[in-house]
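Observations on chain architecture
In case you want the letters, here they are:
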Amino acid sequence: MAVHRIEIKDFCVFQGEFSADFCRGVNIFIGGNGTGKTTLLRAIAIQPIFSYPYLNAGFHAFHNTPQLKKHNNVEVFPFPDGEYDKDRHIFIPVAEMLSHPEIYPMCQKYNLPYNNSETDVIENAMLPETNEITPNAAKVLDKISSIIGGTVRYENNTFYIGKISFPLEASGFQKFGLLWKLLRNGLLEKGAVLFWDEPEASINPELMAVLVDILLELQRGGVQIFIATHSEILASYFDVKRKDSDSVMFYSLYKDGKQIKADKNEKFNLLEPNHLTAEQVKLYECEIEKGLGNGQ
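One structure accompanies this document, and this report is about it.

Here's the deal with the pairing of strand 13 (residues 259-265)
Summarising the sheet, strand 12 (residues 248-256) and strand 13 pair through 7 bridges and their orientation is antiparallel. Residue Tyr 254 lies in a different strand from strand 13, and its bridge partner there is Lys 261. Count of turn residues in the strand 12/strand 13 antiparallel hairpin: 2 residues, of which Gly 257 carries a positive phi of about 70 degrees.

Quick word on the nonpolar core
Residues Ile 144, Phe 176, Leu 183, Leu 194, Leu 215 and Phe 238 are the most contacted members of the largest nonpolar core, which totals 53 residues. With 7 residues, helix 6 (residues 208-220) is the largest single contributor of residues to this core. Beyond its immediate sequence surroundings of up to four residues, Leu 183 is in contact with Ala 137, Val 140, Leu 141, Ile 144, Leu 188 and Leu 218. Counting residues in each nonpolar core, the second largest holds 26 residues, with Phe 14, Phe 22, Ala 45 and Ala 228 among its members.

Quick look at unusual backbone geometry
Of the consecutive residues Glu 272 and Pro 273, the connecting peptide bond is found in the cis state with omega at -5 degrees. Following the sequence through the fold, Pro 273 ends up in the loop between strand 13 and helix 8 (275-291). Despite not being glycine, Glu 198 has its phi angle at roughly 55 degrees, a positive value. With respect to the helices, strands and loops of the structure, Glu 198 is situated in the loop between strand 10 (193-197) and helix 6. Look at Ser 202: it is not a glycine, yet its phi comes out positive at around 75 degrees. With respect to the secondary-structure elements, Ser 202 resides in the loop between strand 10 and helix 6.

Details of helix 5 (residues 171-184)
For helix 5, built from 14 residues, the straight-helix expectation of 20 Å at 1.5 Å per residue is met to within 8% by its first-to-last C-alpha distance of 20 Å. Here helix 5 lies mainly inside the structure; 12 of its 14 residues are buried. Turning to helix 5, its buried residues number three or more, namely Gly 172, Gln 174, Lys 175, Phe 176, Gly 177, Leu 178, Leu 179, Trp 180, Lys 181, Leu 182, Leu 183 and Arg 184. Downstream of helix 5 by a residue or two, Gly 186 has a phi angle that is positive, lying close to 75 degrees.

Re the sheet that holds strand 8 (residues 158-161)
Ordered in space as 7-8-9, the 3 strands form an open sheet in which the pairing is antiparallel. Since the sheet does not close on itself, it has two edges, and those belong to strand 7 (152-155) and strand 9 (164-165), each with one partner. In this sheet, strand 8 lies alongside strand 7 in antiparallel orientation, the contact comprising 4 bridges. Counted as the bridge partner of Val 152 is Ile 161 from strand 8. Strands strand 7 and strand 8 of the sheet are contacted by helix 5, whose axis makes an angle of about 80 degrees with strand 7.

Examining the packing of aromatic side chains
Taken as a whole and judged by the stated rule, the model has 11 aromatic pairs. On the basis of an interplanar angle of 65 degrees and a centroid distance of 5.7 Å, the ring pair of Phe 22 and Tyr 251 is categorised as edge-to-face. Here Tyr 251 lies in strand 12 and Phe 22 lies in the loop between strand 2 (14-21) and strand 3 (26-31), a separation of 229 residues in the sequence. Like Phe 22, the residue Tyr 251 is buried in the burial classification. Here Phe 195 and Phe 226 contribute two aromatic rings whose centre-to-centre distance is 5.1 Å and whose plane-to-plane angle is 10 degrees, an arrangement assigned as stacked. Pair noted here: Phe 195 is in strand 10 and Phe 226 is in strand 11 (residues 224-228), with a separation of 31 residues, a long-range link. A single burial state applies to Phe 195 and to Phe 226, both of which are buried. Clustering of aromatic rings is evident, with ring pairs tying together Phe 22, Phe 29, Phe 91, Phe 195, Phe 226 and Tyr 251. For the cation-ring pair, Arg 24 lies above Phe 79, with the distance from its terminal atom to the ring centre recorded as 4.0 Å.

Let's talk about the pattern of salt bridges
Evaluation of the coordinates by the stated rule reveals 10 salt bridges. Arg 5 is paired through a salt bridge with Glu 7; the nearest N and O atoms lie 2.8 Å apart. The exposure class assigned to Glu 7 is partly exposed, which follows from its relative accessible area of 28%. Put simply, Lys 139, Glu 217, Arg 220 and Asp 246 are held in one network by salt bridges that share partners.

Criteria and thresholds
Residues numbered from 1 in each chain as written. Predicted model: local features only at pLDDT ≥ 70, side-chain atom pairs only at ≥ 80, totals over all residues. Heavy atoms only, no water. Pairing = 2+ DSSP bridges. Helix = DSSP H or I, 4+ residues; strand = E, 2+ residues; numbered from the N terminus. Core = buried A, V, L, I, M, F, W, Y, C linked by side-chain atoms within 4.5 Å. Buried < 20%, exposed > 50% of the residue type's maximum accessible area, 1.4 Å probe, protein only. Contact = heavy atoms within 4.5 Å. Expected span 1.5 Å × (residues − 1). Axes fitted to C-alpha atoms, helices over the stretch in contact; angles between N-to-C directions. Phe/Tyr/Trp six-rings, centres within 6.5 Å; stacked < 30°, edge-to-face > 60°. Lys NZ or Arg CZ within 6 Å of the ring centre and 35° of its normal. Salt bridge = Lys/Arg side-chain N within 4 Å of Asp/Glu carboxyl O.

Encoded structure:
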């Protein structure tokens, strides 16, 4: 069920031709604003790019063929030995959605300005919990519970972490709580594909390493993962914490004129260009200049 390749031509910010091959494990996208990271995540996930009521990209149903989708000049391909199941694609947007679960039924009835990636995650979190917990999921669930100090439940149209409702919970814990609920609902098992836009948002740096441990563990259990990030800490931890048997690939998206291109490498610090590490170098140079008395 893993996604192997995408081919794009003249679609949104991707002018001209763009293609990329992906690994079966964790795929991490970095790049400046406007380089297409979120658009690429949604295109791979076969999510409508635009919001109602303005425009719906209108992705259509497809059959289990080597070419999964061809619409608006976007084609997505699975690995040759795999089958495809769109229902096992889970997209976590940057925006925190579980604080307002009432948005989902309202979007079903009215043309509200939310796209599918934002409302689908509410629907997935509302699903009932599975009868049995797999050993792989149990290991990760316990780790998340220790971070957020409890478990997540949905009752009376409200999500709770322990006794605290989501709107009153710390925003970083909300991120971990959502991941716990998706796991407990059986949605992140072997064969699933997780798309997460800026998972580092609102998470304290001290928890970045734990988040990476959790995502690597999911990858070892057969979940393919796609991440868009602006965090050098998050990306670097994947380099540091990965085992030799883990599958991790980094992609740097950048503009060459009007065209988006991508550099690909198994090592984060070997990407070119790498705006995340470049800014750290600039900051260090500013500190040196100020230390030498050249700063104002």
